[in-house]
Amino acid sequence: MKYFLLFTFLLLNTHFLTAQDCDCEQEFEFVVSYLERNLPGFGDNVTSENRHDYEAFKTTLRKQIRLNTSTPCMHYLNQYVEFFK
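Our subject in this report is the structure included herewith. (Residues numbered from 1 in each chain as written. Predicted model: local features only at pLDDT ≥ 70, side-chain atom pairs only at ≥ 80, totals over all residues. Heavy atoms only, no water.)

Points about the overall build of the protein
1) Next: Per the secondary structure count, the protein includes five helices and zero strands.
2) Next: Start at the N end of the protein and walk to the C end: the helices and strands fall as α-α-α-α-α.
3) Next: For the protein, long-range pairs separated by at least 24 residues make up 64% of all intrachain contacts whose partners lie at least 6 apart in sequence.
4) Next: Summed over its atoms, the accessible surface of the protein is roughly 6,900 Å², and 59% of this surface lies on carbon and sulfur atoms. (Helix = DSSP H or I, 4+ residues; strand = E, 2+ residues; numbered from the N terminus. Contact = heavy atoms within 4.5 Å. Areas by Shrake-Rupley, 256 points an atom, 1.4 Å probe, with all protein chains shown as cover.)

A short note on the nonpolar core
1) Next: Core analysis: the largest hydrophobic core is formed by 15 residues, its most contacted members being Phe 28, Tyr 54, Tyr 80 and Phe 84.
2) Next: Those elements that provide at least two residues to this core are helix H2 (24-38), helix H4 (51-67) and helix H5 (73-82).
3) Next: In terms of residue count, H2 provides more of this core than any other element does, five residues in total.
4) Next: What Tyr 54 contacts, discounting residues up to four positions off in sequence, is Val 32, Glu 36, Phe 42, Val 46, Tyr 80, Phe 83 and Phe 84. (Core = buried A, V, L, I, M, F, W, Y, C linked by side-chain atoms within 4.5 Å. Buried < 20%, exposed > 50% of the residue type's maximum accessible area, 1.4 Å probe, protein only.)

Let's talk about the state of the cysteines
1) Next: Counted under the stated rule, the structure contains one disulfide.
2) Next: For Cys 24, the disulfide goes to Cys 73, at an S-S distance of 2.2 Å. Judged by the torsion about the S-S bond (90 degrees), the Cys 24/Cys 73 disulfide is right-handed. With Cys 24 in helix H2 and Cys 73 in helix H5, this residue pair connects regions lying 49 residues apart in the sequence.
3) Next: The class of Cys 24 is buried, set by a relative accessible area of 15%.
4) Next: With relative accessibility at 15%, the residue Cys 73 sits in the buried group. (Disulfide = S-S within 2.5 Å.)

Topic: H2
Quick reminder: α-helices carry 3.6 residues per turn. Residues three or four places apart thus point the same way.
1) Next: A rise of 1.5 Å per residue sets the reference length of H2, with its 15 residues, at 21 Å; its end C-alpha atoms lie 21 Å apart and thus fit the reference within 8%.
2) Next: Those residues of H2 that fall on the buried side of the exposure criterion are Cys 24, Phe 28, Val 31, Val 32 and Leu 35. Projected down its long axis, H2 carries its buried residues within an arc of 100 degrees, all on one side. Among the exposed residues of H2, those oriented more than 90 degrees off its buried face are Gln 26 and Arg 37.
3) Next: Those residues of H2 that are buried are in contact with helix H3 (42-45), H4 and H5. (Expected span 1.5 Å × (residues − 1). Arc of directions from axis to C-beta.)

This is how it looks when you write it as C-alpha coordinates:
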(Lines give C-alpha, C1' and ligand atoms only; values in the text may rest on other atoms or scores of the structure.)
Protein backbone atom coordinates (compact mmCIF):
# COMPACT_ATOMS: atom_id res chain seq x y z
CA MET A 1 0.00 0.00 0.00
CA LYS A 2 2.80 2.44 0.81
CA TYR A 3 4.37 1.77 -2.62
CA PHE A 4 1.06 2.55 -4.26
CA LEU A 5 0.84 5.87 -2.41
CA LEU A 6 4.44 6.71 -3.23
CA PHE A 7 3.94 5.84 -6.88
CA THR A 8 0.74 7.91 -7.05
CA PHE A 9 2.46 10.83 -5.36
CA LEU A 10 5.32 10.72 -7.88
CA LEU A 11 2.98 10.52 -10.84
CA LEU A 12 0.96 13.48 -9.69
CA ASN A 13 4.05 15.61 -9.12
CA THR A 14 5.62 15.00 -12.51
CA HIS A 15 3.32 17.65 -13.92
CA PHE A 16 5.34 20.27 -12.04
CA LEU A 17 8.73 18.92 -13.12
CA THR A 18 9.37 20.72 -16.38
CA ALA A 19 12.63 21.79 -17.95
CA GLN A 20 13.56 25.40 -17.74
CA ASP A 21 11.92 27.66 -20.26
CA CYS A 22 14.07 30.15 -22.05
CA ASP A 23 13.33 32.89 -24.49
CA CYS A 24 14.63 31.31 -27.68
CA GLU A 25 14.67 34.57 -29.59
CA GLN A 26 16.76 36.20 -26.88
CA GLU A 27 19.18 33.26 -26.84
CA PHE A 28 19.43 33.40 -30.63
CA GLU A 29 20.27 37.11 -30.54
CA PHE A 30 22.94 36.46 -27.93
CA VAL A 31 24.58 33.76 -30.06
CA VAL A 32 24.41 35.94 -33.18
CA SER A 33 26.00 38.95 -31.49
CA TYR A 34 28.62 36.78 -29.78
CA LEU A 35 29.72 35.07 -32.99
CA GLU A 36 29.68 38.28 -35.00
CA ARG A 37 32.03 39.86 -32.47
CA ASN A 38 34.23 36.90 -31.49
CA LEU A 39 34.36 34.35 -34.31
CA PRO A 40 37.81 34.65 -35.91
CA GLY A 41 36.58 33.46 -39.31
CA PHE A 42 33.47 35.63 -39.39
CA GLY A 43 35.01 38.10 -41.83
CA ASP A 44 36.09 35.26 -44.09
CA ASN A 45 32.67 33.60 -44.05
CA VAL A 46 30.53 36.74 -44.34
CA THR A 47 31.88 38.93 -47.09
CA SER A 48 30.35 41.88 -48.90
CA GLU A 49 29.24 39.48 -51.66
CA ASN A 50 27.22 37.20 -49.39
CA ARG A 51 26.25 39.67 -46.65
CA HIS A 52 22.71 39.94 -48.04
CA ASP A 53 22.31 36.15 -47.98
CA TYR A 54 23.58 36.05 -44.40
CA GLU A 55 21.12 38.72 -43.27
CA ALA A 56 18.26 36.94 -45.06
CA PHE A 57 19.27 33.68 -43.36
CA LYS A 58 19.16 35.35 -39.91
CA THR A 59 15.77 36.90 -40.69
CA THR A 60 14.41 33.52 -41.79
CA LEU A 61 15.61 31.86 -38.59
CA ARG A 62 14.08 34.63 -36.47
CA LYS A 63 10.71 34.13 -38.18
CA GLN A 64 10.90 30.37 -37.67
CA ILE A 65 11.71 30.88 -33.98
CA ARG A 66 8.66 33.12 -33.54
CA LEU A 67 6.31 30.76 -35.39
CA ASN A 68 7.52 27.33 -34.17
CA THR A 69 7.53 27.52 -30.40
CA SER A 70 7.34 23.74 -30.09
CA THR A 71 10.69 23.18 -31.82
CA PRO A 72 13.64 23.11 -29.40
CA CYS A 73 15.73 26.25 -29.46
CA MET A 74 18.90 24.23 -29.93
CA HIS A 75 17.68 23.27 -33.41
CA TYR A 76 17.79 26.91 -34.56
CA LEU A 77 21.06 27.64 -32.81
CA ASN A 78 22.66 24.65 -34.53
CA GLN A 79 21.35 25.81 -37.91
CA TYR A 80 22.88 29.22 -37.37
CA VAL A 81 26.26 27.93 -36.21
CA GLU A 82 26.44 25.44 -39.09
CA PHE A 83 26.30 28.40 -41.49
CA PHE A 84 29.96 29.01 -40.63
CA LYS A 85 31.18 25.51 -41.47
